[in-house]
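# Survey of secondary and tertiary structure
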Amino acid sequence: MAFMCAAGKHRKPGRVKRTTAQAAGVAALTTTGVIGTLAASPALAADASVEQTGLTPVLTVNDDVAEQIDAQAAAQQQAAERKAAEEAAQKAAAERAQEVHEARIRAARDAERKRLNAFVLPIAQSYVSTGYQASSSLWSSGAHTGVDFHAASGTSVHAVGAGTVVSTGWGGAYGNQIVIRMADGMYTQYGHLSSIAVTAGQKVVPGQQIGLSGATGHVTGPHLHFEARTTPDYGSDVDPVAYLRKHGVNV
């Protein structure tokens, strides 16, 4: 006798098929670390069981366990996002700090460059008491080859700009003198000093004390004789006031 199934009848998916799909999802979550050790959690152990199908052990999970898994996955995702945001913020802060540091270094270098390129008076808060090329029998050439700055004996004398000391010592009518080769290639001379505080070959910066004013050499009283020259030697003088003004000094 032949048996036939009634038309339109369909069997519900088997338990093996349903739980296999669930197990696949659990396995995927286990691989990504959402489920560390199922047996380690009493709640999970109570809600999950292994079904023997004769083929492959199938893990069945109820709705509560699935919600816990989803919550753990969401928490891990949020933690990862927070960590990434914190790392990004730290990186941005480090980059900003580096930018500020580099800007400060550049500003300090610019300030130092300006300072080294600046010029000052050889005698602070002084004035010219005898001008350039003034005529008098006091000078062997008949004209003043520099300018005299008013100064009492022992007043600090400063390098007017950055340069290198060319010579120091006795200069005849100039008395104790210093000659400096300036950074721009010109030379400056400081005469009638009572003392000298630098040596030949020494580097000097603007405003550095190089000696003290006095009345040595051919003078009628204490002052500073100052010259600007194109060479270190006598006779190559130019207008020292114009030279200082060219470099921004108010004389």
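Before any of the text, the structure's been laid out above.
Description of the structure in this document. (Residues numbered from 1 in each chain as written. Predicted model: local features only at pLDDT ≥ 70, side-chain atom pairs only at ≥ 80, totals over all residues. Heavy atoms only, no water.)

Along the chain, the position of His-158 falls in strand β5 (residues 156–158). Among residues more than four places away in sequence, those in contact with His-158 are Leu-121, Pro-122, Ala-124, Tyr-190, Gly-207, Gln-208, Gln-209 and Ile-210. (Helix = DSSP H or I, 4+ residues; strand = E, 2+ residues; numbered from the N terminus. Contact = heavy atoms within 4.5 Å.)

With that settled, consider the pairing of strand β4 (residues 147–150). One ladder, built from 2 bridges, connects strand β3 (residues 128–130) with β4; its direction is antiparallel. The residue bridging Val-128 from the neighbouring strand is Phe-149, located in β4. Where β4 meets strand β11 (residues 223–229), 4 bridges bridge the pair, whose relative direction is antiparallel. Paired with His-150 across the two strands is His-223, which belongs to β11. (Pairing = 2+ DSSP bridges.)

Structurally, Tyr-187 can be placed in strand β8 (residues 187–196). Counting along the chain gives 22 residues from Tyr-187 to Val-165, while the straight-line C-alpha distance between them is 9.5 Å. Contacts of Tyr-187, omitting those with residues within four sequence positions, involve Val-166, Val-179, Ile-180, Arg-181, Met-182, Glu-227, Ala-228, Arg-229, Thr-230, Thr-231 and Pro-232. In this structure the side chain of Tyr-187 is engaged in a polar contact, spanning 3.3 Å, whose partner is the side chain of Arg-181. (Polar contact = N/O pair within 3.5 Å; in protein donor to acceptor, adjacent residues only side chain to side chain.)

With that settled, the discussion passes to the pattern of salt bridges. With the rule as written, the count across this model stands at 4 salt bridges. A salt bridge links Glu-99 to Arg-96; the shortest N-O distance between them is 3.6 Å. Placement of the pair is Glu-99 and Arg-96 together in helix α3 (residues 63–117), with a separation of 3 residues, close to one helical turn. For Glu-99, a relative accessible area of 44% corresponds to the partly exposed category. For Arg-96, a relative accessible area of 52% corresponds to the exposed category. Across the pair Asp-110 and Arg-113 runs a salt bridge whose closest N-O atoms are separated by 2.8 Å. (Salt bridge = Lys/Arg side-chain N within 4 Å of Asp/Glu carboxyl O. Buried < 20%, exposed > 50% of the residue type's maximum accessible area, 1.4 Å probe, protein only.)

The next subject is a negative patch on the surface. Together, Asp-63, Asp-64, Glu-67 and Asp-70 make up a negatively charged patch on the protein surface. With respect to the helices and strands, Asp-64 occurs in helix α3. Residue classification places Asp-64 among the partly exposed residues on the basis of a relative accessible area of 46%. (Patch = residues over 30% accessible without salt bridge, like charges linked within 9 Å, V, L, I, M, F, W, Y side chains within 5 Å. Areas by Shrake-Rupley, 256 points an atom, 1.4 Å probe, with all protein chains shown as cover. Lys, Arg positive; Asp, Glu negative; His and termini not counted. Charge placed at Lys NZ, Arg CZ, Asp CG, Glu CD.)

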